[in-house]
Amino acid sequence: MSPAVRTDASADAMPLVSVVVATNRVSPFFADALGSLAAQTYPRVEIIVVDDGSPDPSAVEAIVTTTTPLGRLLHRAHTGVSAARNAGAAESSGELLVFFDDDDVCHPERLARQAAHLMSEPNAVACYCGMRTIDAAGRVLVEADLTAVRDRLDIARRRTGILPCNLMMRRTAFDAVGGFDPTLRLAEDLDLVLNLSERGDFVFVPDVLSDYRLHDANTTSRHRELTLSIDRIVRAHLARARDAGDTPLVAAHRGSLRANGRYAWWGAMRHARAEAQARRFASAASDMLWALRFAPLAPIDAIVRRLRETRTTPSTAMP
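Nothing here was measured: the structure is a model prediction, and the numbers come from that model.

Draft legend 1. View of the packing of aromatic side chains. Taken as a whole, this structure holds 6 aromatic pairs when the rule is applied. With a centroid separation of 5.5 Å and 15° between ring planes, the pair formed by W290 and F294 is classed as stacked. You can see W290 and its partner F294 sitting in helix α10 (residues 281–294), 4 residues apart, about one turn around the helix. We classify W290 as buried; its relative accessible area is 9%. These aromatic residues form a ring-pair network of at least three members: F99, F174 and F180. Just above the ring of F180 sits the side chain of R85; from NZ or CZ to the centre is 5.1 Å.

Structure below.
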């Protein structure tokens, strides 16, 4: 398919937004994801779909052709999501970049609102927006609860959710950090966000403009692998901060490691509960033992953190 960009005459001065969608499958949500991109109100959008070695390339092409007639499709041998995203970015032309998963959903105003906000802040390298979590049927599981970050330390602490489905960045910043690390297959987006945070500010559009879809086939369900990958990435950034003598950043990364321990327990308990309900008790016990080995102090840390939050929350009771 040849490249194309949706434009109109009045939009020539607006920056081109390149959206890269990497996939290695025909997800049941793929058409909805691409359809939400095709429905964007922003007038200068370039959509590049990278087929990263899917087993049925013709099926991928059929969905792209049907749902995204202005899209461009690249077929590649399987190299992993990081390399696929980098390949899509290399083929794109936009001043602004978005990386979108094949199962998430954009609200129609997402690109317009983020592009306007990012371009109004010359010191910002990236912009993220409000994001809900939905299930396979599109029902809302978690309402948007994101907050504005104050600085790179908030980002290092992972104080709020910044993911590919709610992130837009300047191409210059993406190129400056070398894009995605092609050796990473999970949590590669966290590594990129941490690298970008050292280049400039992140700005926030609080409106809910994106939906992250949680279902059995996405990487969030692989909680052990994801937790271990986050641990390796954060420890690598922590080591660099320590070598640079950046004490505040070291402390922030240590806070991120504690958060990852709490996530390990959340993921393990969520999966163990499902396994127990299916009467797979050995699998459920294995999950809990794994969490205990990985982060033995995380439950205590969670309790202490909750108590601190309770003490610092102003009372709303009448005197």
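Draft legend 2. Spatial organisation of empty space enclosed by the protein. A full pass over the atoms with the stated rule returns 1 cavity of 30 Å³ or more. One number sums up the size of the largest cavity: a volume of about 50 Å³. Surrounding the largest cavity, F99, P164, L167, M169, F180, D189, L192 and V193 form its lining. Of all the secondary structure elements, the ones that give two or more residues to the lining of the largest cavity are β9 (167–170) and α7 (188–197). With 3 residues, α7 is the largest single contributor of residues to the lining of the largest cavity. A per-class count over the lining of the largest cavity returns 7 nonpolar, no polar and 1 charged.

Draft legend 3. Structural view of the side chain of D135. Looking at the element boundaries, D135 is found in the loop between β7 (124–134) and β8 (140–142). Look at D135 and you get buried, because its relative accessible area is 11%. A distance of 3.0 Å separates the side chain of D135 from the backbone nitrogen of A137, its partner in a polar contact. Within polar-contact distance, the side chain of D135 engages the backbone nitrogen of R139 at 2.8 Å. Setting aside anything within four residues of it in sequence, one finds D135 in contact with L141, R213 and L214.

Draft legend 4. Broad picture of the pairing of strand β2 (residues 17–23). Buried residues dominate β2, accounting for 7 of its 7 residues. Here 7 bridges tie β2 to strand β3 (residues 45–52), and the two strands are oriented parallel to one another. Note that in β3 the partner of V20 across the bridge is I48. Crossover connection from β2 via helix α1 (residues 30–38) to parallel β3: handedness right-handed. Bridge count for β2 against strand β5 (residues 96–100) is 5 bridges, and the pairing is parallel. Across the sheet, residue V21 finds its bridge partner in β5, namely F100.

Draft legend 5. Representation of the packing of α7 against helix α8 (residues 223–243). α8 packs onto α7 with a crossing angle of 20° between their chain directions and a minimal axis gap of 9 Å. Classified by the angle their axes make, α7 and α8 are roughly parallel. Considering the relative orientation of α7 and α8, their crossing is right-handed. Only I230, I233, V234, H237 and R240 of α8 make contact with α7, whose side of the interface consists of E188, L190, D191, L194 and N195.

About the cut-offs
Residues numbered from 1 in each chain as written. Predicted model: local features only at pLDDT ≥ 70, side-chain atom pairs only at ≥ 80, totals over all residues. Heavy atoms only, no water. Phe/Tyr/Trp six-rings, centres within 6.5 Å; stacked < 30°, edge-to-face > 60°. Helix = DSSP H or I, 4+ residues; strand = E, 2+ residues; numbered from the N terminus. Buried < 20%, exposed > 50% of the residue type's maximum accessible area, 1.4 Å probe, protein only. Lys NZ or Arg CZ within 6 Å of the ring centre and 35° of its normal. 1 Å grid on protein atoms, 1.4 Å probe; cavity = no way out; pocket = protein on both sides within 12 Å on 5 of 7 lines; lining within 4 Å. Points joined across faces, edges and corners; volume = space filled by probe spheres on them. Nonpolar A, V, L, I, M, F, W, Y, C, P; charged D, E, K, R; others polar. Polar contact = N/O pair within 3.5 Å; in protein donor to acceptor, adjacent residues only side chain to side chain. Contact = heavy atoms within 4.5 Å. Pairing = 2+ DSSP bridges. Right-handed = clockwise from strand over helix to strand, strands pointing away. Axes fitted to C-alpha atoms, helices over the stretch in contact; angles between N-to-C directions. Parallel < 35°, antiparallel > 145°, perpendicular 65-115°, else oblique. Left-handed = near helix turned anticlockwise from the far one by under 90°.

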